[in-house]
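An overview of the molecular structure
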Protein chains: 2
Amino acid sequence: MKQYNFNAGPSILPQEVIKQTADAVIDFEGHGLSILEISHRAKYFQPVMDEAEALMKELLNIPDGYRVIFLGGGASLQFCMLPYNLLEHKAAYLNTGVWAKKALKEAKAFGEAVEVASSADANYTFIPTDYEIPQDADYFHVTTNNTIYGTELSDEKLQQIYDKLGKVTLVADMSSDILSRPIDVSKYGIIYGGAQKNLAPAGVTFVIVREDLLGKVSRHIPTMLDYRTHIEGGSMFNTPPVLPVYTAVLTLRWLKNLGGLEAIEKRNIAKAELLYKAIDESKMFVGTAKKEDRSRMNVPFVLKEEYKELEAEFLKFAADHGMVGVKGHRSVGGFRASIYNAMDLEGVQALVDCMKEFEALHA
Amino acid sequence: MKQYNFNAGPSILPQEVIKQTADAVIDFEGHGLSILEISHRAKYFQPVMDEAEALMKELLNIPDGYRVIFLGGGASLQFCMLPYNLLEHKAAYLNTGVWAKKALKEAKAFGEAVEVASSADANYTFIPTDYEIPQDADYFHVTTNNTIYGTELSDEKLQQIYDKLGKVTLVADMSSDILSRPIDVSKYGIIYGGAQKNLAPAGVTFVIVREDLLGKVSRHIPTMLDYRTHIEGGSMFNTPPVLPVYTAVLTLRWLKNLGGLEAIEKRNIAKAELLYKAIDESKMFVGTAKKEDRSRMNVPFVLKEEYKELEAEFLKFAADHGMVGVKGHRSVGGFRASIYNAMDLEGVQALVDCMKEFEALHA
């Protein structure tokens, strides 16, 4: 039976990327050695790291003055690296979910860290807009896509943020929507994220950083937590996660061949519209996020009250039909379909068909 | 042509582990999904993480009271995590190489960090023994194997350290000799290392930690830098490096099947004796490390003065005979053969034959 991978992360990668990675585990680009056992100092790995940065810059149209580095430790490590490097007096955070809240918590150890707005009381079903950005903040932090709650900063809401930034540096955790749409990188000081959604297998973190922001805080920064270390070392100050970086390059090549971010955005819009339409037309299912803040990447939905007792049955039905990873996060309940870049329209159609079939049987 | 991988790290892994990893990239244990795209929260990944810890405990005979955690960021990140978690007033370091020196440097930002002895003036060709361990130190840090210089703390020198520890906690960076021989873990508070030598591909770091040492420093520790976070989260507080952890499990199974650490130590002794004997009997080559401190893992050697001009020629000759990664580190020059667990006696014999053939042609 064909399986469709709706896991929230680590998550689906393009089939050709998986196949190419498997080939490289046996023999890396014809060198007769596995990607698992090559030295990162080997002359044939440097081009991989260079290509990773170059393709990120090309696809995201990153302006001069920025570097892209690849690190270990996950986005969670960035929650403290960021204030270590940028927070001198004050930082402001938009609290749109558990991950945003965790980022804010880490910042508090480094200076004043204020929450400008929060949708916690509504279980993060929407993105707040009614706030000002304190102009004395060293940076303002947002999470552009909230994986658990299925909310995302739309282009319109991003524009609203750009408009009220003033002279404050914008920082974004884009773990779960990086490379899913074009983004105006010039508006950001730092963009970071775990790569295990739209880019790579687990084990590598990307950081896009405007170089002129660094070196301005007065505190001592441990070498490995200083972005400058990794910029100077070209992401190879110490041994990088070789295979995850290589797979990231394969994914970036796939994305470029597909037509880049404009093309993938169109596909992502079509997928999201198909799934949300099915949810909105359903007698049985209902979405949990506020419509205007709906994510194109993560689609949480639940059973309406009168069908609640069918939850376990739908999960089993979906699994029996090849749907993998559709159980909702415990904070929201119900179901969640993560439809990242590598998920194609056929996969979303299969899920929609499965939902309709179940509904025909039970509603 | 058969290739022999003498890279210092990332480095050789057992062929069956490489093959099994490639299989898992296509289909992870028959679940129909790639190891690259499975959720770390999937019910079939938890047993992998559990087995990683269990096999480390079994093979290293780790006593109760210790936990084994798997992190990202490399051993270099441990250089600051360690003092973050353990250094309240003072730490003592044995400076036996560049990595030991880097570890010491990071500690200095957290308290008093003293170098008890150093062989830097002799380009780290030996392990100093003439020092005392300050009894008011929170811990004493050693690097058991020095990858670049080819020195290793022998069982005898380790015993000397155990004997003079007093009440001081011993901490060791075992990046490049972990699992190469039995070790008395009960003598250590923390043992850590990058896993990309004897255990896994690049991207995962192991930390063996005695739990009762934690929570005693007065400083605030960022969540991700606190060992307790990862102990409580079972190495899954955030997304772990899934594939490197899985490959580590495969390597640990391979090692167990081979007979564990007693068996691999015998093999490692035989390999090292074979190579050092060839070096010592050579008219052309000479070892750089002091004999009593010679590493079983990394064997640096150079051409004698009268043959110095043949360096590039030997490197080409070796490459033409399938020897990969034998160029010496720039700090030592000449050549280095890293003969980790996965290198078998046949590979070392091939290198020895290659050296003898070259010598017959030129000496």
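Just so it is clear, the model here is predicted, and its values are computed rather than measured.

Concerning the overall build of chain A
Each helix and strand counted, chain A has 10 helices and 14 strands in total. Relative to the compact-globule value of 21 Å for 363 residues, chain A shows a C-alpha radius of gyration of 21 Å, a close match. Taken along the three principal axes of its C-alpha coordinates, chain A extends 60 × 55 × 30 Å. Across the 363 residues in chain A, those meeting the buried criterion constitute 63%.

A word on unusual backbone geometry
Residue and element names in this part refer to chain A. The step from Gly9 to Pro10 runs through a cis peptide bond, and the omega angle for that step is -5°. Among the structural elements, Pro10 can be located in the loop between strand S1 (4-5) and helix H1 (15-26). Positive phi, normally seen in glycine, also occurs at Tyr124, with a value near 55°. Inspection of the secondary structure puts Tyr124 in the loop between strand S4 (112-118) and strand S5 (139-143).

Some words on the interface of chain A and chain B
With 54 residues of chain A at the contact, the number on the chain B side is 54 residues. Counting across the interface, chain A meets chain B through zero salt bridges. Within the residue set of the side of chain A that touches chain B, elements represented by two or more residues are H1, helix H3 (74-86), helix H4 (98-107) and helix H7 (242-258) of chain A. Broken down by element, the side of chain A that touches chain B gets its largest block of residues, seven residues, from H1(A). Residue classes in the side of chain A that touches chain B are distributed as 26 nonpolar, 23 polar and five charged.

Some words on the environment of Leu87(B)
Residue and element names in this part refer to chain B. Secondary-structure assignment places Leu87 in the loop between helix H3 (74-86) and strand S3 (90-95). As a C-alpha pair, Leu87 and Arg219 span 132 residues in sequence and 9.5 Å in three-dimensional space. Not counting chain neighbours up to four residues away, the residues in contact with Leu87 comprise Leu82, Ala107, Phe110, Gly111, Glu112, Asp138, Tyr139, Val217 and Arg219.

Focus: the sheet that holds S5(A)
Residue and element names in this part refer to chain A. Spatial ordering of the open sheet is given by S2-S10-S9-S8-S5-S3-S4, a layout of seven strands whose pairing is mixed. Where the open sheet ends on each side, the last strands, each with one partner, are strand S2 (66-71) and S4. When strand polarity is set aside, the average angle formed by the axes of neighbouring strands in this sheet is 20°. Where strand S3 (residues 90-95) meets S5, three bridges bridge the pair, whose relative direction is parallel.

Structural notes on the relation of the copies chain A and chain B
Overlaying chain A with chain B gives an RMSD of 0.0 Å, the required rotation being 180° about an axis along which the chain moves by 0.0 Å. The transformation relating the two chain copies, once decomposed into turn and shift, fits a two-fold axis.

Regarding the nonpolar core
Nonpolar side chains in soluble globular proteins tend to end up buried together. Core analysis: the biggest nonpolar cluster contains 141 residues, and Phe140(A), Ile208(A), Phe140(B) and Ile208(B) have the highest contact counts within it. Setting aside chain neighbours within four positions, we find Ile208(A) in contact with Met56(A), Leu60(A), Ile62(A), Tyr66(A), Arg67(A), Val68(A), Ile178(A), Val185(A), Gly189(A), Ile190(A) and Ile191(A). Listed in part, the 64 residues of the second largest apolar core include Ala91(A), Met224(A), Tyr192(B) and Tyr227(B).

Some words on the pattern of salt bridges
For the coordinates displayed, the defined rule picks out 40 salt bridges over all chains. The closest approach of N and O atoms between Glu58(A) and Lys256(A), which form a salt bridge, is 3.1 Å. Residue Glu58(A) is located in helix H2 (residues 46-59), and its partner Lys256(A) is located in helix H7; the two are separated by 198 residues in the primary sequence. Accessibility expressed as a relative area gives 46% for Glu58(A), which makes it partly exposed. The exposure class of Lys256(A) is partly exposed, given its relative accessible area of 41%. Linking Asp155(B) and Arg181(B) is a salt bridge whose minimum nitrogen-to-oxygen distance equals 3.1 Å.

About the thresholds
- Residues numbered from 1 in each chain as written.
- Chains lettered and ligands numbered in written order.
- Predicted model: local features only at pLDDT ≥ 70, side-chain atom pairs only at ≥ 80, totals over all residues.
- Heavy atoms only, no water.
- Helix = DSSP H or I, 4+ residues; strand = E, 2+ residues; numbered from the N terminus.
- Rg over C-alpha atoms; globule rule 2.2 N^0.38 Å.
- Buried < 20%, exposed > 50% of the residue type's maximum accessible area, 1.4 Å probe, protein only.
- Contact = heavy atoms within 4.5 Å.
- Salt bridge = Lys/Arg side-chain N within 4 Å of Asp/Glu carboxyl O.
- Nonpolar A, V, L, I, M, F, W, Y, C, P; charged D, E, K, R; others polar.
- Pairing = 2+ DSSP bridges.
- Axes fitted to C-alpha atoms, helices over the stretch in contact; angles between N-to-C directions.
- Least-squares fit on C-alpha atoms with pLDDT ≥ 70 in both.
- Core = buried A, V, L, I, M, F, W, Y, C linked by side-chain atoms within 4.5 Å.

Purely geometric stuff here, so don't read any function into it on its own.
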